[in-house]
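# A structural walkthrough
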Amino acid sequence: MPKIDLRLYKNEIRSQMRKIRREMPPEVAQKKDKAIYERLISMEQYRRAKTVVVYVSKELEVDTRRLMEKAWADGKKVAAPRCVENTRKMNMHLIRNMEDLKDGAYGILEPEASLPILENTKDAVCIVPAFCNDYRGYRVGYGGGYYDRYLSGFDGVKIGVNYSDCVRPRLMGGRYDVPIDILVTDRYIRRCCPIKHSAKIRKPMNRGRKEKQYEERKGQGRTEPLL
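From a predicted model like this one, the values you see are computed outputs, not experimental measurements.

## Describing the sheet that holds strand β11 (residues 182-184)
Ordered by their spatial adjacency, seven strands build an open sheet running β3-β2-β1-β6-β9-β11-β12, and the pairing between neighbours is mixed. What marks the edges here is a single partner per strand, and that holds for β3 (90-95) and β12 (189-191). Put simply, the sheet's adjacent strands are angled 25° from each other on average, direction ignored. Taken together, the four bridges between strand β1 (residues 51-54) and strand β6 (residues 124-128) define a ladder with parallel strand orientation. The residue of β6 that forms the bridge with Thr-51 is Ala-124. Relative to β1, helix α4 (residues 65-73) is tilted by about 165°, and along the sheet it contacts β1, β2 (77-83), β3 and β6.

## Some thoughts on the side chain of Arg-21
For Arg-21, the position within the fold is in helix α1 (residues 6-22). Here Arg-21 occupies a buried position and makes no salt bridge, while the nearest side chain of opposite charge, Glu-61, is found at 6.1 Å.

## Some details on the sheet that holds strand β7 (residues 132-134)
Strand order in the open sheet formed by three strands is β8-β7-β10, with mixed pairing between adjacent strands. Each of the sheet's edge strands pairs with one partner strand only, and the pair in question is β8 (139-140) and β10 (167-168). Two strands pair when backbone bridges link them, and β7 and β10 are joined in this way by two bridges, in the parallel orientation. Paired with Asn-133 across the strands is Val-167, a residue of β10.

Cut-off values and rules
- Residues numbered from 1 in each chain as written.
- Predicted model: local features only at pLDDT ≥ 70, side-chain atom pairs only at ≥ 80, totals over all residues.
- Heavy atoms only, no water.
- Pairing = 2+ DSSP bridges.
- Helix = DSSP H or I, 4+ residues; strand = E, 2+ residues; numbered from the N terminus.
- Axes fitted to C-alpha atoms, helices over the stretch in contact; angles between N-to-C directions.
- Contact = heavy atoms within 4.5 Å.
- Buried < 20%, exposed > 50% of the residue type's maximum accessible area, 1.4 Å probe, protein only.
- Lys, Arg positive; Asp, Glu negative; His and termini not counted.
- Salt bridge = Lys/Arg side-chain N within 4 Å of Asp/Glu carboxyl O.

These results come straight from atomic positions and should not be treated as a statement about function.
The structure is reproduced here in structure tokens:
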């Protein structure tokens, strides 16, 4: 069986998903966005979370701005990503309102650098974007590796959001791809990676150590691109 170039494969998936989203009528996208939002706020994981870590949506993405306003109204903290200059990492900064966001990398609204960085993610949910998701929780993102690096040290619940048109039964992926726990679409909520309970109680690993191990493993000659 010929070896498949994972980078080309994922680029083709991105192209297909862009086409689906561009051809989606605005009124259909708005209806799907509303359905995803309503499913999200109905979830126990959202209700229990003290902090909502969320990307700031732009064109062709599932809308998150309504969710941000809802989280503030519910008394939750909201954190949004800011890229760390000259790296492929990002920090999540706590924001108080939309005015805390300014034009940043890749034309995306980002928190100001002076805002506090979220450190404790134990009681948080992270809303994860993707071009395409599969039933197992894996995703094709934007190709920079930012979210896989961040999620490798995230201690809360990872929730992917996507249009049902952009979900496939199974995607090919690299060994460092980090799956989400739950997928929310306009049609359903799907648990992807149930928590496995071990007989042994392990001491939690802090985020800094997990990120360090992730980077060490990545540097051992692996060739798979990160998402």
